[in-house]
Amino acid sequence: MQEICIKENICLYKGKNTLSISDHYIVDKKKPRQFINNIKNFVKWEDTAYKSTKDQNQHDILKAIQNAHDIISEFQLSEDKSEKLLKLTLFYNFSSKEEAFLYYALQCVQKNPSLNEREKKALAEEIKIKIKTFGKYYNTRTMLNALLEYANVPINIDNNFCKTCFKHKGPYGLIECKETEDNIKILNHELSHAELLGNKIPHFYSEARASYLSKVGYARVRAMMTLLGNLGDSEQILKHLINNEIDKIWQNIVNHNPNFQKELNEIRTILDNIKFSKDIINKLKENPQILKNILKMYEAKYGPIYKKDPIIMLLKEICEGDLSYESKDYLILENDLEVTLHYDAWDISMDTIIQRNSINPFFRIEKTWFSIIQAALRKELALNNSKELSPRSANYWVQKIMGYPLYYQFLKSNDPIQILTYINNQLTLKGYPNLMLEDFKILLDASIEKNVSLKINSTNFPKILANFEWDLGYTKIREKVRR
């Protein structure tokens, strides 16, 4: 029999097919441990209920999850002891916590009676992304809470609802939403709210948490949380956010910025006291000093150079309410880099923030955009580590259309947009299409996917190359073939 000491004179025992709780005391240190009572079955799990075989039935799974949750809650097990309990039971046959979490999550979604088969299938895909990205940050309690919610939270689907929401009603809360045909991401956002199983969390952090986990939600809240998080240890802050450890978030930020305790306390007071999720955006508008103080801390930490960081500047624009920008965070899944609080960085993907709702792409933060493009081209060049550029690379086409001198200047310049502006001015004078931001984005995306040759024709590059040659920064129109 394996033993886990819970607290004081209470121990948990795992036998071959049972899990038992017993009171005991030591009569004499030299003698074996004797029991006050016979071992009383606190819970009994048949082998199939915790060995996680594919043929186990869902009733046993839910019973096992609920039992583990009840033991951890009743005896207030520490995280270490909780993990040990799950390794002996629910996670018995899994190589990692994330693998087990995903397996049970998919089983629990299938068990939820409020969902139809189409919704279960679509929601399972969203949850796979969530757990693949963030599963390692869930502690044992939050994970078990989430599993119970996936299986039990009632979902009331009615097209008369004006807004999808999660309400704290009943033991598992209630999700109210419109028809989910095109709304699975929103449903996953509300399910992320439900994961805390009724544990209250201030509205600002609740929306930030659900927005990270579901990849949709309040862009300004997520951007603000990202800026705050990167003032401290962003990985730890993300973990604290997911597990509703708000005090630990602020302690981490204060520890990294000890000279700004007054400002941080003021920011926290405002964010903690937002009464309703719908009031968050208004509170951010009414309190511009929040962003001002955050940026003051960035300047103290990094000096004026922080203003040249394209990601920080984009986050600033989003926090100030510019709706021209939104996140494509799911692209961070393209490789195995650590997930951070970044809203996102081109170190992870070449198109994590996209621009929308604009006819002219060169506006407001155009220099920031082309600094990002410049950084992405440099990165691709370094990864290829070759003097011979392949037509499958973005750099090949950029060099081809600019000519080597302008291309070299574009990569090295502190103001790359000047070079592109020069090129576009020349093109405009001759009545030819400009090189647009979207052209570069298509090219960089295609480069990641190694299908540049297929995507190049959807840009203006071929149209321009058919008519121009570049020579040391000057253009000459090719003579048109006379027929």
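Computed from a prediction, not measured in an experiment: that's the story for all the values here.

Student: It is not clear to me how the sheet that holds strand 7 (residues 165-167) should be interpreted in this structure. Could you clarify?
Tutor: Two modes of strand pairing occur in sheets, parallel and antiparallel, and in both the strands are linked by backbone hydrogen bonds. Taken in spatial order, the three strands make up an open sheet running 6-8-7, and their pairing is mixed. The sheet terminates laterally at strand 6 (155-157) and strand 7, the two strands that pair on one side only. On average, adjacent strands in this sheet sit at an angle of 20 degrees to one another, irrespective of strand direction. Where strand 7 lies against strand 8 (residues 174-177), three bridges are found, and the strand directions are antiparallel. In the strand pairing of strand 8, Phe166 is matched with Ile175.

Student: Just checking my understanding: could you explain the pairing of strand 8 for this structure?
Tutor: A regular strand carries its side chains on alternate faces of the sheet. Residues of strand 8 alternate between two faces, with Leu174 and Glu176 on one and Ile175 and Cys177 on the opposite face, all of them buried. Note: strand 6 against strand 8, three bridges, orientation parallel. Directly across from Ile157, in strand 8, lies its bridge partner Cys177. In textbook terms, the turn of a hairpin is the stretch between consecutive antiparallel strands, and for strand 7 and strand 8 this stretch comprises six residues, one of which, Gly170, has a positive phi near 75 degrees.

Student: Explain the pattern of salt bridges to me, please; I cannot follow it from the model alone.
Tutor: It is possible for side chains bearing opposite charge to pair when their charged atoms get close. Per the counting criterion, the structure on display carries 13 salt bridges. The partner of Lys128 in a salt bridge is Glu125, and the shortest N-O contact between them spans 3.2 Å. One end of the pair is Lys128 and the other is Glu125, both in helix 5 (residues 117-134) and three residues apart, which spans about a single turn. The exposure class assigned to Glu125 is partly exposed, which follows from its relative accessible area of 42%. Close ionic contact of Glu263 with Lys296 constitutes a salt bridge, the shortest N to O distance being 3.5 Å. Taken together, the residues Glu263 in helix 12 (residues 261-272) and Lys296 in helix 14 (residues 289-302) connect sequence positions 33 residues apart. One continuous salt-bridge network, built from bridges that share partners, spans Lys130, Glu195 and Arg209.

Student: Hey, could you run me through the environment of Gly229 in this one?
Tutor: Along the polypeptide, Gly229 turns up in helix 9 (residues 219-229). The class of Gly229 is buried, set by a relative accessible area of 0%. A sequence separation of 23 residues divides Gly229 from Asn252, and the C-alpha atoms of the two residues are 9.0 Å apart.

Student: What's the story with the nonpolar core in this structure? I'm lost.
Tutor: As a rule of thumb, soluble globular proteins bury nonpolar side chains together. By size, the foremost hydrophobic cluster in this structure holds 89 residues, and its most contacted members are Tyr104, Trp250 and Leu271. Not counting residues within four places of it along the chain, the set of residues in contact with Leu271 comprises Phe204, Tyr205, Leu228, Trp250, Leu284 and Ile290. In terms of nonpolar packing, the next biggest core, distinct from the first, is built from 31 residues, Trp397, Ile417, Leu443 and Leu465 among them.

Student: Before we go on, may I ask you to explain helix 11 (residues 246-256) in this structure?
Tutor: Since one α-helical turn is 3.6 residues long, residues separated by three or four positions face the same way. Listing the buried residues of helix 11 in full gives Ile246, Ile249, Trp250, Asn252, Ile253 and Val254. Where helix 11 is buried, its residues contact helix 8 (203-214), helix 9, helix 10 (234-242) and helix 12.

Student: Mind showing me how you'd approach the side chain of Thr140 here?
Tutor: Take Thr140: it is sitting in helix 6 (residues 140-152). When near neighbours in sequence (up to four residues on either side) are disregarded, Thr140 contacts Ile72, Glu79, Ser82, Glu83 and Leu86.

About the criteria used
Residues numbered from 1 in each chain as written. Predicted model: local features only at pLDDT ≥ 70, side-chain atom pairs only at ≥ 80, totals over all residues. Heavy atoms only, no water. Pairing = 2+ DSSP bridges. Helix = DSSP H or I, 4+ residues; strand = E, 2+ residues; numbered from the N terminus. Axes fitted to C-alpha atoms, helices over the stretch in contact; angles between N-to-C directions. Buried < 20%, exposed > 50% of the residue type's maximum accessible area, 1.4 Å probe, protein only. Salt bridge = Lys/Arg side-chain N within 4 Å of Asp/Glu carboxyl O. Core = buried A, V, L, I, M, F, W, Y, C linked by side-chain atoms within 4.5 Å. Contact = heavy atoms within 4.5 Å.

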